[in-house]
Amino acid sequence: MSRFLSQRFADLEAYVPGEQPQDMQYIKLNTNESPFPPAPAVLEAVNAAEINRLNLYPDPEGRALRQKLAEHYNVGIDHIFLANGSDELLNFFFMAFCDQTRPVAFPAVSYGFYPVYACLYRLPYDEIPLREDFRLEPLDYCGIGKNIVIANPNAPTGRIIGVDDIEKIVCSNPDHVVMIDEAYIDFGGESCLPLAGKYENLLVCQTFSKFRSLAGGRLGFAIGSPGLIEDLDKMKYSTNSYNINRLTMAAAIATIENHEYYVNNSRKIQENRAYTVAELNKLGFETLPSMANFIFTCCPRMEGGAFYRALKAKGILVRHWEKAAIADWCRVTIGSREQMDLFLKKVREILKEVD
Ligand code: PMP
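Cut-off values and rules
- Residues numbered from 1 in each chain as written.
- Predicted model: local features only at pLDDT ≥ 70, side-chain atom pairs only at ≥ 80, totals over all residues.
- Heavy atoms only, no water.
- Helix = DSSP H or I, 4+ residues; strand = E, 2+ residues; numbered from the N terminus.
- Buried < 20%, exposed > 50% of the residue type's maximum accessible area, 1.4 Å probe, protein only.
- Contact = heavy atoms within 4.5 Å.
- Areas by Shrake-Rupley, 256 points an atom, 1.4 Å probe, with all protein chains shown as cover.
- Lys, Arg positive; Asp, Glu negative; His and termini not counted.
- Charge placed at Lys NZ, Arg CZ, Asp CG, Glu CD.
- Near = heavy atom within 4 Å.
- Polar contact = N/O pair within 3.5 Å; in protein donor to acceptor, adjacent residues only side chain to side chain.
- Nonpolar A, V, L, I, M, F, W, Y, C, P; charged D, E, K, R; others polar.

J.: An account of the overall build of the protein chain is needed here, citing residue identities and associated values.
T.: Each helix and strand counted, the protein chain has 12 helices and 12 strands in total. Once the C-alpha set of the protein chain is aligned to its principal axes, its extents read approximately 60 × 50 × 50 Å. For the protein chain, with 355 residues in total, the buried portion stands at 52%. Excluding contacts between residues fewer than 6 apart, the proportion of contacts in the protein chain whose partners are at least 24 apart in sequence is 72%. On the protein chain, roughly 16100 Å² of surface is accessible, and the fraction owed to carbon and sulfur atoms is 52%. With 37 positive and 45 negative side-chain charges, the protein chain shows a spacing of 4 Å between the two charge centroids.

Structure representation (structure tokens):
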């Protein structure tokens with residue numbers, strides 16, 4: 001830290017992203033990316049003509065892409081907001097809607113960026129404990145009179161709550177904004193997007209990073225009432241008006257036009273998820289029911305950190321957190337069948353070695 005950093009940030013603990021080794025010597029099952037490349041049409045969309053236009057700024061309103069999303073989700077274009085990854089969207093949510101008089105609540109075990117944003121903006125925040133087996137109890141959020149962020153499916157647990165439960169949470173906090181972070185909704189879960197047209201205080205946040213194989217393009221979006229979208233726009237135009245670059249915009253339009261390709265990939269991920277869980281079961285692992293492209297699993301013979309390190313030594317990266325409540329567990333991204341077979345092979349080797 002230099003002597004110039006504002007005192008406001010002296011104690012801030014920044015978010016630590018998952019490891020991104022640049023030599024690609026690992027099987028990467030640590031940051032929930034898709035193992036599948038973008039659809040071939042995406043490659044064609046990010047073409048020489050588009051690159052040749054990089055001397056020009058992109059459309060700050062992202063109209064062509066928002067129009068595509070509006071058609072795809074059957075909502076008005078004024079219900080859609082684009083962000084540079086859903087991380088940026090979360091940033092704008094905390095910036096726009098939370099303050100000393102409007103605190104925020106989220107699950108105690110959830111996406112690690114939520115408390116970072118709360119600290120960044122010095123917000124009062126509540127971390128609501130999960131129940132048995134990391135289950136999120138919707139009643140814990142009903143009528144709490146705070147802004148709320150819930151990842152659904154939750155991360156890193158993979159557990160999901162139903163659209164009915166989300167509706168109860170949204171209805172019972174009419175004077176606060178409820179953000180449902182659906183980063184992992186397209187791996188078998190039911191989206192609450194149909195509710196977004198019904199409640200002015202619901203924001204649904206999604207990303208192109210997982211199901212849509214575009215983590216490197218950095219694109220997230222929110223769907224909500226035009227008033228909320230206007231507020232998010234105010235944050236955007238006060239920080240970075242050109243937050244989505246030209247190439248990502250072109251890639252995203254082609255992505256939506258090739259929806260079936262991604263649905264098919266998701267089907268494979270869901271099959272690989274069921275297969276991996278069944279194989280781990282045979283080895284005595286405890287794994288939470290997951291509706292995401294990852295599983296949260298507990299090795300029967302080793303503490304989570306030791307299991308993570310043993311896998312890393314064998315060329316497989318998974319994610320582990322030292323936080324006490326989840327220290328026994330590891331999050332494993334579901335990749336291709338070949339990747340999962342290699343992961344399982346290494347797991348079997350590790351278990352043999354500790355025998
Ligand atoms: N929400 C959740 C729950 C996540 O796990 C992630 C990815 N780490 C994000 C949001 C952010 O994703 P992105 O910024 O790539 O859209």
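J.: With reference to specific residues and values, describe the site of the ligand.
T.: Lining the immediate environment of the ligand, one finds Gly85, Ser86, Asp87, Tyr111, Asp181, Ala183, Tyr184, Thr207, Ser209, Lys210 and Arg218. Contact between the ligand and Ser86: an oxygen atom at 2.6 Å from a side-chain N or O atom of the residue. For the ligand, an oxygen atom lies 2.6 Å from a polar atom in the side chain of Tyr184. Ranked by residue count, the leading element in the shell around the ligand is helix 4 (residues 85-97), at three residues. Among the residues making up the shell around the ligand, the classes are represented as three nonpolar, four polar and four charged.

J.: Would you mind going over the environment of Phe211 in detail, with residue names and values included?
T.: By the element assignment, Phe211 lies in the loop between strand 7 (202-207) and strand 8 (220-224). Residues Phe211 and Val116 lie 95 residues apart in sequence; the distance between their C-alpha atoms is 25 Å. Those residues within four positions of Phe211 in sequence are excluded, and the remaining contacts are Asp186, Phe187, His259, Tyr262, Val263 and Ser266.

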